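Single-letter residue listing:
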Amino acid sequence: MKTSFTALVIAALGVGQCQCLPHVVPRAAAIDGNSLTSSKQTRTHRFDTDSTVLNFALTLEHLENAFYTEALGKFDEKAFTDAGLPGYARGRFVQVGEHEAAHVAFLSGALGDKATKPCKYSFPYTDPKSFAALSQVLEGVGVSAYAGAAQFITNKDYLTAAAVVLSTEARHASWVASAVNKFAGWSGALDVPLGLNQVFTLAAPFIVPGSCPSTNPALPVKAFPSVKFGSGGPGATVSVEFDASKDKALFAVFYTGLSQVVAPIKDGQVTIPSELRGQVYAVVSTNGTQASDDNIVAGPAILLFEFDSQGKLI
C-alpha cells in the first residue's frame, strides 16, 4: 500500500497510525432510532414502508451533498493542482457534487413532506488530497449502502430509481480511486452489500450530535461500538482494539464481495487473510461462521488494501 495515501486517509479521519483505514468513532445519538435484529448479514431490518428505506438513502445523500459543497467552496482549481492532483480533478468533483445534489432533490421529491432534512456535518479533511482520499472511501460506502438496502424496497419504480443511483455512485467511486488517487477502480468482481446498522456506524461520525431537525422521521438504525486494526496488510498479524467483553471467543469477520472471511482473534491480535484486496469491511463478532447484527460487538472498520494491475499489493 502507498504510505502517502494511507497517511492522507488516516489524517482525514483523525485516527491513529495504521496501514489500513481504521474505524471512525460512531456517535450513536446522531439520529434517533432503535435497532432491529435478524440472523442475516444484510437482512437486519423490516420496514413498514418504502419511505423508511428512501429516507435512509436520503440521509446518506444529504451527507455526501454537504461534503462536496463544503470542500469545493474551500478549494479552488489552483489548490487542487498545487496539491499535485490532476488539472481536471476539481471540475470532475464539481460534477460529482452536482450528482449528489440531484440525488437529494430526486429522493426529496419522491418522499414529499416525509423527506428527512439535512443535519450539520463535520468532515476532517484538511486539503484537496485528504478530501480526495475521503471521497474515495465515502463513495465506496455509498455503493455498499445502496447494495445492502435494495432488498428492502418493494415498489419496483423505487427499486429502479435506487439502482440507477447506485450505478452512478459506483462510477464516482471508481473514478476517484483510479483517475485521481491512481489506484484500482474496483475491489473485485463483486461489491460488498452492507447492513443498515453497519452503514450508519460508518456515517454517524460525520453528523454533528444533536444537529438533526427534531421533525426528521426516526430511522430504525443504531451504531455499533468502534474497532481499530493495527498496522499491516493481508497476511500480517495486527492488533485489534475495541471496547467489548473479552471473556468469550471472538472473531474478526472480513467482508469482501458477497463473502465473509473469518479469522480468530487471539490475545488481542488477528492475522489478516492474505487474499483480501481493495476496500474491505471488518467487524468483531462472537460467531465464528457468519457475522450478523445479532453477534457483532464492534465495527465495521474500513480497510484499504490497494493493489496494482497484476493484483499485487501496493
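To be clear, the structure that these remarks concern was listed above.
Thresholds applied
- Residues numbered from 1 in each chain as written.
- Predicted model: local features only at pLDDT ≥ 70, side-chain atom pairs only at ≥ 80, totals over all residues.
- Heavy atoms only, no water.
- Disulfide = S-S within 2.5 Å.
- Helix = DSSP H or I, 4+ residues; strand = E, 2+ residues; numbered from the N terminus.
- Buried < 20%, exposed > 50% of the residue type's maximum accessible area, 1.4 Å probe, protein only.
- Pairing = 2+ DSSP bridges.
- Axes fitted to C-alpha atoms, helices over the stretch in contact; angles between N-to-C directions.

Engineer: Got a minute to help me understand the state of the cysteines in this structure?
Structural biologist: Structurally, a disulfide amounts to a covalent bond that connects the sulfur atoms of two cysteines. As enumerated under the stated definition, the model contains one disulfide in all. At a sulfur-sulfur separation of 2.0 Å, the disulfide partner of Cys-119 is Cys-212. Looking down the S-S bond of the Cys-119 and Cys-212 bridge, the torsion is 105 degrees, so its handedness is right-handed. Of this pair, Cys-119 sits in the loop between α4 (89-111) and α5 (128-149) while Cys-212 sits in the loop between α7 (196-203) and β1 (227-229), and the two are 93 residues apart along the sequence. Comparing Cys-119 with Cys-212, the two get one shared label, buried.

Engineer: What is the right way to read unusual backbone geometry from this model?
Structural biologist: With the exception of glycine, the majority of residues adopt a negative phi angle, and the majority of peptide bonds are in the trans configuration. Here Gly-299 and Pro-300 are connected by a cis peptide whose omega angle stands at 15 degrees. As for its position among the elements, Pro-300 is in strand β7 (residues 296-305). Even without glycine at this site, Lys-182 takes up a positive phi of about 65 degrees. With respect to the secondary-structure elements, Lys-182 resides in the loop between α6 (156-180) and α7. Residue Asp-267 is not a glycine yet carries a positive backbone phi of 55 degrees. Take Asp-267: it is sitting in the loop between β4 (259-264) and β5 (269-271). Overall, the relative accessible area of 81% leaves Asp-267 in the exposed class.

Engineer: Got a minute to help me understand the sheet that holds β5 in this structure?
Structural biologist: Judged by pairing direction, the sheet is antiparallel, and its three strands sit side by side in the order β1-β2-β5 without closing on themselves. Whereas interior strands pair on both sides, the edge strands pair on one side only; in this sheet they are β1 and β5. Sheet twist, expressed as the average angle between the axes of neighbouring strands with direction ignored, equals 30 degrees. With three bridges joining them, strand β2 (residues 237-242) and β5 adopt antiparallel strand pairing. Bridge assignment links Ser-239 to a residue of β5, and that residue is Gln-269.

As far as function goes, none of this settles anything; it's purely spatial.
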